[in-house]
Amino acid sequence: MVETAGNYGKHRRVPYLVEEDGKLKTVYVPAMSGESLAHAYQEHLVREALSAGLPVCDDCQRGEFYKSMDEVHFAPKLFNREEVFESVLANLSEVVDITISVLSSEIEKERNKKKQNEDKIKELEKFRGFMENLVKSEKPRDYILKNLSLASQVFGNYVIKKGILDLPPVKIEDIIVKSCVVEDVGGFLYTGSAPIRRSSAFQVSYALPVKSVALFATSEPQLHARHAQMDASSKKGNASEQMIYYVETGTALYGFTFNLDLDAIGVSAITSKPILDENEIKKRREASLKALFRMLSSSQFGAKLSRFFPVGGITELIVAVTDHPFVVTSPIYDDYIEKTQRRLKVLKSFGEESFLVVAGEEKVPEEALKEAIDYLHEKEAF
Amino acid sequence: MVKTEYEGIVKMLRFFVQTKNFSYVDRIGNALNPEPVEVALLEALRAFRSIRESASIEGDGRRYVEKDGNKIPMPGIPSDEEVKIFLDDVRSDMGVAKLVATLALAYPSKKENSGGDE
């Protein structure tokens, strides 16, 4: 669902070109955004990764995919893993000393300002107090984990931002990828002083009605009522007693494309060299495929599922596994299966190996996905 | 004041701009053919009616909504005649849609406290 206006909740709609009597015309059809599908996939990836004993950062575990968007969101990754903490913060007392002197000069600056900001001074003093206690504590990492939010603020806004720690982009990417499967597979954009971008290893299209049904797709507003309990003294007919609202629902046969680049998982986007050992990369590849399997099998994607759970299911599915980049023909066309088969034949003539499985009347989607996973297993992808 | 035949539509779109909802004005201004304009205007009118009917009414009978601590006055609903003329004109000349969207984004030449007639 996209955007609400007053008591009206609108369904996402997109313009769509269709041919009618030899003429092109624009119609508006209900759609599901790629962002919504990607969010659902990453939620499943969290669960699959955790059940395989793979690391997922706290934000992603909550389904809040901020990713390591800035220094404050990146900072917890310095503390979560013992080995990262030990390697990056080996010289903790020196880091603390420099940070305290930076904070002290900031406090001085704030105090000398004509218009003093008491809240800002208090916050800076709190940060300085935290750093003073940190260096005195016997187990600094435990102390940080106990005060994670405060530690993230100080380390993010001062230690990392002011360059007190030596963290080149390659090192930052290394820490993030090792700390979180979702950021490894789904990419991130770190907006620190040296921005780092890691493209997502998966791509997902909008879910759009297929061409043959586009003109029959509907978007209907459904009336709902919210009732509120009234006490005896309230007047009858009070507006708060009952609120009516409309929610749009769409009906169509949708198609969407999902690409997954297994070669990109666990590999640096900066150096193109593996960040993780082969065993971990294989585990992550398996988790990312299982997440797709689970997402399609459970129908847990789209909005408002608790009261608008789609009635229907997957009618067709096609999976192609290739060594080199390849995208199946868009399912909005009726002949997408034949077209994909023909395109793969051409690739075969170049000596490129590929695997294709189709689920339709004879095979259920789960069987087709399982076959693809088994094929990859045979090829020792994981 | 806007001196076009589409004054009501411009004022309605300007209200959305003031509430930082640029969706309708962008869709109308950037449309390449009449259909997106029709759909955007239909959705804008639907949303506008909904917001207007639940808006607060001041002592002088003017309606307003509060956003970020500012009181934004609500203009009236464009007349059916105006909407019809606008859509007919858009079908023959797409430049009309761009003009209306541009006017909605511009600062009004005279301070419109009421935001339009009531």
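Cut-offs applied
- Residue indices begin from 1 for each chain and proceed along its sequence in written order.
- Chains and ligands are labelled sequentially in the order written, the chains with letters from A and the ligands with numbers from 1.
- A pLDDT threshold of at least 70 governs which residues receive local features in this predicted model, and a stricter bar of 80 or more applies before side-chain atom pairs are shown or counted, although totals over entire chains, interfaces and linings include all residues.
- Hydrogen atoms and water are omitted, and side-chain values are computed over all heavy atoms in the structure.
- Helix and strand labels come from DSSP, where a helix needs a run of H or I of at least four residues and a strand needs a run of E of at least two; each type is numbered from the N terminus.
- Only the C-alpha atoms count toward the radius of gyration. The rule for a globule is 2.2 Å times the residue count to the power 0.38.
- All accessible-area figures derive from a Shrake-Rupley calculation using a 1.4 Å probe, and residue coverage is judged against the displayed protein chains alone.
- When the centres of two rings from Phe, Tyr and Trp lie within 6.5 Å, Trp using its six-membered ring, the rings pair. Their planes under 30 degrees apart give stacked, over 60 give edge-to-face, and anything left gives tilted.
- In this scheme, a residue with accessible area under 20% of its type's maximum is buried, one over 50% is exposed, and one in between is partly exposed, where area comes from a 1.4 Å probe on protein chains only.
- Only heavy atoms enter the contact rule, under which two residues are in contact if any of them lie within 4.5 Å.
- Accessible-area loss on putting two parts together, using a 1.4 Å probe and summing over both, is the definition of buried area adopted here.
- One speaks of a salt bridge when a side-chain nitrogen belonging to Lys or Arg is within 4 Å of a carboxyl oxygen belonging to Asp or Glu.
- Whenever two N or O atoms come within 3.5 Å, that pair is a polar contact, provided that in protein one can donate a hydrogen and the other can accept it, and provided that, for residues adjacent in sequence, both atoms are side-chain atoms.
- By nonpolar core is meant a set of buried Ala, Val, Leu, Ile, Met, Phe, Trp, Tyr and Cys residues that side-chain atoms within 4.5 Å join together.
- Here a patch means residues that are over 30% exposed by relative accessible area and free of salt bridges, tied together within 9 Å if like-charged and within 5 Å if nonpolar (Val, Leu, Ile, Met, Phe, Trp, Tyr).
- Only four residue types enter the charge count: Lys and Arg as positive, Asp and Glu as negative, with His and the chain ends excluded.
- In plain terms, the charge of a residue is placed at NZ if it is Lys, CZ if Arg, CG if Asp and CD if Glu.

Draft legend 1. Looking closely at the overall build of chain A. Counting secondary structure elements, chain A contains 15 helices and 14 strands. In terms of overall size, chain A is more extended than a compact globule, its C-alpha atoms giving a radius of gyration of 26 Å where 382 residues would be expected to give roughly 21 Å. Counting only C-alpha atoms and orienting by the principal axes, one finds that chain A spans roughly 75 × 75 × 40 Å. For chain A, the accessible area works out to roughly 21400 Å², and carbon and sulfur atoms hold 49% of it.

Draft legend 2. Up close: the packing of aromatic side chains. Residues and elements named next belong to chain A. Tallying each qualifying case throughout the model produces 15 aromatic pairs over all chains. Look at Phe74 and Tyr190: their rings are 5.6 Å apart centre to centre, the planes differ by 70°, and that puts the pair in the edge-to-face class. Note that Phe74 is positioned in helix α3 (residues 71–74) and Tyr190 in strand β5 (residues 188–190), a separation of 116 residues in sequence. With centroids separated by 4.4 Å and ring planes inclined at 15°, the aromatic side chains of Phe355 and Tyr375 adopt a geometry described as stacked. Placement of Phe355 in strand β14 (residues 354–359) and of Tyr375 in helix α15 (residues 365–378) is noted, with a sequence separation of 20 residues between them. Look at Tyr375 and you get buried, because its relative accessible area is 14%.

Draft legend 3. Broad picture of the interface of chain B and chain A. Every contact between the two is made by 12 residues of chain B and, on the other side, 10 residues of chain A. In total, about 870 Å² of surface goes out of reach between chain B and chain A, with carbon and sulfur atoms giving 48% of it. On the surface where chain B and chain A come into contact, there are 2 salt bridges. Where Glu43 of chain B meets Arg13 of chain A, a salt bridge forms, and the shortest distance between an N and an O atom there is 3.2 Å. At the surface where chain B touches chain A, the tally comes to 4 residue pairs in polar contact (both at pLDDT 80 or more). Of all the secondary-structure elements, those providing two or more residues to the side of chain B that touches chain A are α2 (23–29) and α3 (34–53) of chain B. Here the side of chain B that touches chain A gets 8 residues from one element, more than from any other, and that element is α3 of chain B.

Draft legend 4. Structural context of the nonpolar core. Residue and element names in this part refer to chain A. Counting residues in each nonpolar core, the largest one holds 44 residues, and the members touching the most others are Tyr41, Val182 and Val185. For this core, the secondary-structure elements that each account for two or more residues are α1 (34–51), α11 (181–186), α12 (278–298), β13 (317–322), β14 and α15. Those residues within four positions of Tyr41 in sequence are excluded, and the remaining contacts are Val185, Phe202, Phe258, Leu260, Ser288, Ala291, Leu292 and Met295. Counting residues in each nonpolar core, the second largest holds 37 residues, with Leu92, Leu124, Leu167 and Phe188 among its members.

Draft legend 5. Structural context of a negative patch on the surface. All names here are of chain A. Together, Glu316, Asp334, Glu338, Glu361 and Glu362 make up a negatively charged patch on the protein surface. Within the secondary structure, Glu362 sits in the loop between β14 and α15. Take Glu362: its relative accessible area is 83%, and that puts it in the exposed class.

Draft legend 6. Looking closely at the pattern of salt bridges. All names here are of chain A. Per the stated rule, a full pass over the model turns up 34 salt bridges over all chains. Of the charged contacts in the structure, one is a salt bridge between Arg198 and Asp184, with a shortest N-O distance of 2.6 Å. Here Asp184 lies in helix α11 and Arg198 lies in strand β6 (residues 196–198), a separation of 14 residues in the sequence. In this structure, Arg198 and Asp184 share a single accessibility class: buried.

Draft legend 7. Representation of unusual backbone geometry within the structure. Residue and element names in this part refer to chain A. Phi is positive for Ser299, close to 55°, though the residue is something other than glycine. As for its position among the elements, Ser299 is in the loop between α12 and α13 (305–308). Positive phi is not limited to glycine here, since Glu380 has a value of about 60°. On the secondary structure map, Glu380 appears in the segment after α15.

Coordinates in, geometry out; function isn't part of it.
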